[in-house]
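As a plain string of letters, each chain reads:
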Amino acid sequence: MSHNAQGPDSNYDPSGSTQMFRAFVDEEPQRPAAAATQSGPRVGLILGVIAVVAVLAGVAWLALS
């Protein structure tokens, strides 16, 4: 069995050599969609907190008037 960087199905193997593996680990993947999805839950959380505060303020206003 040979230690070839490419297997019989010609798939790229980043662990073929130490230099190639380090380049594979150090490369930064481009994820523009991931950045957009991370802001979605944060905006939803902020709007949820604002809604809860508004409901509690409304209940307190009705209870005290």
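Our subject is the structure that appears above.
The residue numbers shown here count from 1 along each chain, following its written sequence. With the structure being a predicted model, the display of local features is reserved for residues of pLDDT at least 70 and the display and counting of side-chain atom pairs for 80 or more, all residues being used for whole-chain, interface and lining totals. To get the side-chain values, all heavy atoms of the structure are used, and hydrogens and water are removed first.

Let's shift gears to the overall build of the protein. Counting secondary structure elements, the protein contains two helices and zero strands. Classification of residues uses two cut-offs on accessible area relative to the type maximum, computed with a 1.4 Å probe and protein chains only: under 20% is buried, over 50% is exposed, and between them is partly exposed. By residue count, 2% of the 65 residues in the protein fall in the buried class. When the accessible area of the protein is evaluated, it comes to approximately 6,100 Å², of which 64% is carbon and sulfur surface. Numbering of helices and strands runs from the N terminus, with a helix taken as a DSSP run of H or I at least four residues long and a strand as a DSSP run of E at least two residues long. All accessible areas in this document rest on Shrake-Rupley with a 1.4 Å probe, and a residue is counted as covered only by the protein chains that are shown.

For patch building, the residue pool is restricted to those with more than 30% relative accessible area and no salt bridge; the joining distance is 9 Å between like charges and 5 Å between nonpolar side chains (Val, Leu, Ile, Met, Phe, Trp, Tyr). The working definition used for a salt bridge is a side-chain nitrogen of Lys or Arg within 4 Å of a carboxyl oxygen of Asp or Glu. A cluster of nonpolar side chains, Val43, Ile46, Leu47 and Ile50, forms an exposed patch at the surface whose accessible area comes to about 380 Å². By secondary structure assignment, the location of Leu47 is in helix α2 (residues 32–64).

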